[in-house]
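# An overview of the molecular structure
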Amino acid sequence: MYRIDVLVQGFPGKAVCHGGLGWSTIALLRSDRHNILIDVGAFGIRKPLESQLKAIGIAPEDITDVVLTHAHYDHSVNFVLFDRATVWIGAKEIAWAAAQPPGFDPLPELYVQALATDPRVKRIREGEEFLPGIIAFDAPGHTPGSLVFHLTANALPVIFTGDAAKNRAELVSGTTDMTYDAAVSKASIAKIWELWRKRPGSIMVPGHDMPMTQENGVTKYIGKREAAIVAWYGDDMETTTLFKLTV
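Here is a short report on the structure shown in this document. In this numbering scheme, every chain counts its residues from 1 along its sequence in written order. Only residues with pLDDT of at least 70 are given local features in this predicted model, and only at 80 or more are side-chain atom pairs given and counted; all residues enter the totals for whole chains, interfaces and linings. Just so you know, side-chain values use all the structure's heavy atoms and leave hydrogens and water out.

## Re the pattern of salt bridges
Note on definitions: salt bridges are taken to be side-chain nitrogens of Lys or Arg within 4 Å of carboxyl oxygens of Asp or Glu. Going through the model one piece at a time under the given rule, you end up with 10 salt bridges. With a closest N to O distance of 2.7 Å, Glu 50 and Lys 47 form a salt bridge. Of this pair, Glu 50 and Lys 47 are both found in helix H1 (residues 46-55), three residues apart, which corresponds to roughly one turn of the helix. Salt bridges sharing partners connect three or more residues here, namely Arg 3, Asp 5 and Arg 30. Helix and strand assignments come from DSSP, with helices taken as H or I runs of at least 4 residues and strands as E runs of at least 2, each series counted from the N terminus.

## Points about unusual backbone geometry
A positive phi angle, close to 65 degrees, is found at Asp 39, a residue other than glycine. Counting through the fold element by element, Asp 39 comes out in the loop between strand S3 (35-38) and H1. Backbone geometry at Asn 216 places phi at a positive 55 degrees, although glycine is not the residue there. Inspection of the secondary structure assignment puts Asn 216 in the loop between strand S12 (212-215) and strand S13 (218-221).

## Description of the pairing of strand S8 (residues 134-138)
Each residue gets one of three labels from its accessible area relative to the maximum for its type: buried under 20%, exposed over 50%, partly exposed in between, using a 1.4 Å probe on protein chains only. With five of five residues buried, S8 is to be regarded as a mostly interior element. Residues Ile 134, Ala 136 and Asp 138 line one face of S8 and the alternating positions Ile 135 and Phe 137 line the opposite face, and both faces are buried. Here, any two strands with at least 2 DSSP bridges between them count as paired. Here strand S7 (residues 129-131) runs beside S8; their pairing, made up of two bridges, is antiparallel. Residue pairing across strands places Glu 129 opposite Ile 135, the latter belonging to S8. Once S7 ends, the chain turns through two residues before running back antiparallel as S8, passing Gly 133 with a positive phi of about 75 degrees. Two elements, S8 and strand S9 (residues 147-151), share five bridges in a ladder whose sense is antiparallel. If you follow Ala 136 over to S9, its bridge partner there is Phe 149.

## A look at the side chain of His 75
In this fold, His 75 is placed in helix H2 (residues 73-76). A polar side-chain atom of His 75 sits 3.3 Å from a polar atom in the side chain of His 208. Note on definitions: a residue-residue contact is assigned when non-hydrogen atoms from the two residues lie within 4.5 Å. Once residues lying within four places of it in the same chain are set aside, the contact partners of His 75 are Ser 24, Asp 39, Val 40, Gly 41, Leu 68, Thr 69, His 70, Asp 163, Gly 207 and His 208. Polar contact is the term for a pair of N or O atoms within 3.5 Å; when the atoms are in protein, one must be able to donate a hydrogen and the other to accept it, and sequence-neighboring residues count only if both atoms are side-chain atoms.

## What to know about the nonpolar core
Inside soluble globular proteins, nonpolar side chains tend to come together where they are buried. Residues enter a nonpolar core if they are buried and are Ala, Val, Leu, Ile, Met, Phe, Trp, Tyr or Cys, with the set joined through side-chain atoms within 4.5 Å. By size, the foremost hydrophobic cluster in this structure holds 24 residues, and its most contacted members are Leu 37, Leu 53, Ile 63, Val 66, Phe 82 and Leu 115. Among the secondary structure elements, those contributing two or more residues to this core are strand S1 (3-8), strand S2 (26-30), H1, strand S5 (86-90), helix H3 (91-98) and helix H4 (109-117). Setting aside chain neighbours within four positions, we find Leu 37 in contact with Leu 7, Ile 26, Ala 27, Leu 28, Ile 63, Asp 65, Val 66, Val 67 and Phe 82. Among the nonpolar cores identified, the runner-up in size contains 18 residues, and Ile 38, Trp 88, Ala 136 and Leu 151 belong to it.

None of this, on its own, says anything about what the molecule does.
Laid out in structure tokens, this is it:
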């Protein structure tokens, strides 16, 4: 069994004028043999992630495995901080990502090339139990090689969706905000729901939202949302304006 901590809570939104926020979920799974990070975020989350790990007594060198749902910057960039860890990513995903030219998209080209050539990186395939009690399933749509991870080792199964279903709105509606093919994404979300319904009480951890459960198709969040922005609009550093991003 694994102890699960959501170190960084994903946020289901984006900026109006400044593009994607990239506030993605980072989860830590701990067992007697493994300390596993599911996604690792990007530059902006480095200090909060360091603080969260320190608070529970985990050093970067203690991380045994970094598991990436897909190659976008807000989920993958910080793999470089854990140089003793085995890094796991979908075989289809890294093959696709490494073949893309630089573009106006969320792929971090230089980090993708590092993932494609680093000997620590292992490629995951559909249906593979690549770590004890963690099975990967293809969930294309957001990216061609996105994976969903089904944790079956615990009494209550846990599903990590990455951005195949970023938030509750996507899960419930079956429609998505960022996809190369809406029908493909819809099919992936249907597959996620099939997994979720198999066991009452199963927990869903999306890539950009809070963990949740469902009963008869009705979702319920676990925990309390924490999200806010501080701005300096005044004439000194002591005067700030707080914008709470919670409802």
